[in-house]
Amino acid sequence: MTVTRLLIIGPPGAGKGTQASKIAEAYGVPAISTGDIFRANIKGGTELGQRVQAIIEAGELVPDTLTNEIVQDRLQQEDAAGGFLLDGYPRNVEQVHALDGMIEGDALDAVVLLEADTDEVVARLLKRAEIEGRADDTEEVIRHRQDVYAEQTAPLIELFTERGILVSVDGLGGIDEVAERIAVALSAKLGR
Ligand code: ADP
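Quick caveat: nothing in here was measured; it's all calculated off a predicted structure.

Analysis parameters
Residues numbered from 1 in each chain as written. Predicted model: local features only at pLDDT ≥ 70, side-chain atom pairs only at ≥ 80, totals over all residues. Heavy atoms only, no water. Buried < 20%, exposed > 50% of the residue type's maximum accessible area, 1.4 Å probe, protein only. Helix = DSSP H or I, 4+ residues; strand = E, 2+ residues; numbered from the N terminus. Pairing = 2+ DSSP bridges. Salt bridge = Lys/Arg side-chain N within 4 Å of Asp/Glu carboxyl O. Core = buried A, V, L, I, M, F, W, Y, C linked by side-chain atoms within 4.5 Å. Contact = heavy atoms within 4.5 Å. Near = heavy atom within 4 Å. Polar contact = N/O pair within 3.5 Å; in protein donor to acceptor, adjacent residues only side chain to side chain. Areas by Shrake-Rupley, 256 points an atom, 1.4 Å probe, with all protein chains shown as cover. Nonpolar A, V, L, I, M, F, W, Y, C, P; charged D, E, K, R; others polar. Arc of directions from axis to C-beta.

K.L.:
Looking at this model, I keep getting lost on the pairing of strand S1 (residues 4–9). Mind explaining?
P.N.:
Each regular strand shows side chains that alternate between the opposite faces of the sheet. Burial within S1 is extensive, with 6 of its 6 residues counted as buried. Here S1 shows a buried face lined by Thr4, Leu6 and Ile8 and a second buried face lined by Arg5, Leu7 and Ile9. As paired strands, S1 and strand S3 (residues 83–87) are joined by 5 bridges and run parallel to one another. Looking at S3, one finds that Leu6 is bridged to Leu85.

Structure (structure tokens):
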């Protein structure tokens, strides 16, 4: 069995979630979003949800130990045996090392970097705020999430470049246009 382990990375508002489901479908793997897992728990009022709600609404990162544990559990589920597409994890160097420890051999086969400039993504998120009303989509929190990305997540780009697994794609354009760009770049990288 070919196992395909992927990650999509990029600033908040770049459109990772939308593209994640398309990539996951194309490779027949589950899309696993830590943000979605947290939001589902907040909505369901679970103990985990109660622990993370204030952190997420402030645009801070949930503590690594908690996040790592949740991902480890999720990756052990049967549907992830043939691989996965991670969205929103790993988000800092610590989490990269944790993921490396969860998997034998290479943790990731390819990392898709969805590029979009800050003004564009902030504008997109403000628009989404009107439609979806996500609690962490206020202007102040959006700006803070961008800062957290720049400080903690953006350094991973260099790390994945050094590992030779980074694929950069321009995230500006229509959904299908961007999806096509990703499909082409990713299959060139993976050879499948
Ligand atoms: P976005 O990329 O648009 O900010 P996400 O859905 O990926 O949205 O994440 C929303 C929030 O969930 C983050 O701001 C953070 O509080 C929390 N979160 C998601 N993934 C992680 C992670 N890997 N580590 C810590 N916190 C996380």
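K.L.:
What am I meant to see in the pattern of salt bridges here?
P.N.:
Pairing of side chains with opposite charge becomes possible as their charged atoms draw close. One pass over the structure, following the stated rule, counts 11 salt bridges. Note that Arg145 is salt-bridged to Asp137, the shortest N-O span being 2.9 Å. By the burial criterion, Arg145 is buried, and Asp137 matches it. Of the charged contacts, one joins Glu139 and Arg143 as a salt bridge, the two residues approaching to 3.2 Å between their closest N and O atoms. Here Arg143 and Glu139 lie together in helix H7 (residues 139–153), a separation of 4 residues that amounts to about one turn. Accessibility expressed as a relative area gives 38% for Arg143, which makes it partly exposed. Because the salt bridges share partners, they merge into one network encompassing Arg128, Arg134, Asp136, Asp137 and Arg145.

K.L.:
I would appreciate a short explanation of the nonpolar core in the present structure.
P.N.:
The tendency in soluble globular proteins is for nonpolar side chains to be buried side by side. Ranked by size, the top nonpolar core spans 22 residues in total, and within it Leu75, Leu86, Leu99, Leu108, Val111 and Phe160 carry the most contacts. Secondary-structure elements contributing two or more residues to this core are S1, helix H4 (64–75), S3, helix H5 (93–102), strand S4 (110–115) and helix H8 (155–162). Not counting chain neighbours up to four residues away, the residues in contact with Leu108 comprise Arg5, Leu6, Leu7, Phe84, Leu99, Phe160 and Ile165.

K.L.:
Just checking my understanding: could you explain the site of the ligand for this structure?
P.N.:
Close to the ligand lie 19 residues; Thr34, Arg39, Glu60, Gly88 and Gln95 are nearest. Within the backbone of Val62, an N or O atom sits 3.0 Å from a nitrogen atom of the ligand. When the ligand sits alone it has 550 Å² of accessible area, and the protein chains cover 96% of it. A per-element tally of the shell around the ligand places helix H2 (residues 34–43) first, with 4 residues. A per-class count over the shell around the ligand returns 6 nonpolar, 5 polar and 8 charged.

K.L.:
What should I look at first to understand helix H3 (residues 47–57) in this one?
P.N.:
Because an α-helix packs 3.6 residues into every turn, residues spaced three or four apart end up facing the same way. Those residues of H3 not exposed but buried are Leu48, Gly49, Val52 and Ile56. What you see down the axis of H3 is that its buried residues fit within an arc of 90°, all on one side. Across from the buried face of H3, at angles greater than 90 degrees, the exposed residues are Glu47, Gln50, Arg51 and Ala54. In this fold, the buried residues of H3 make contact with H2 and H4. Directly after H3, the chain includes Gly59, whose backbone phi takes a positive value near 75°.

These values are about where atoms sit, not about what they do.
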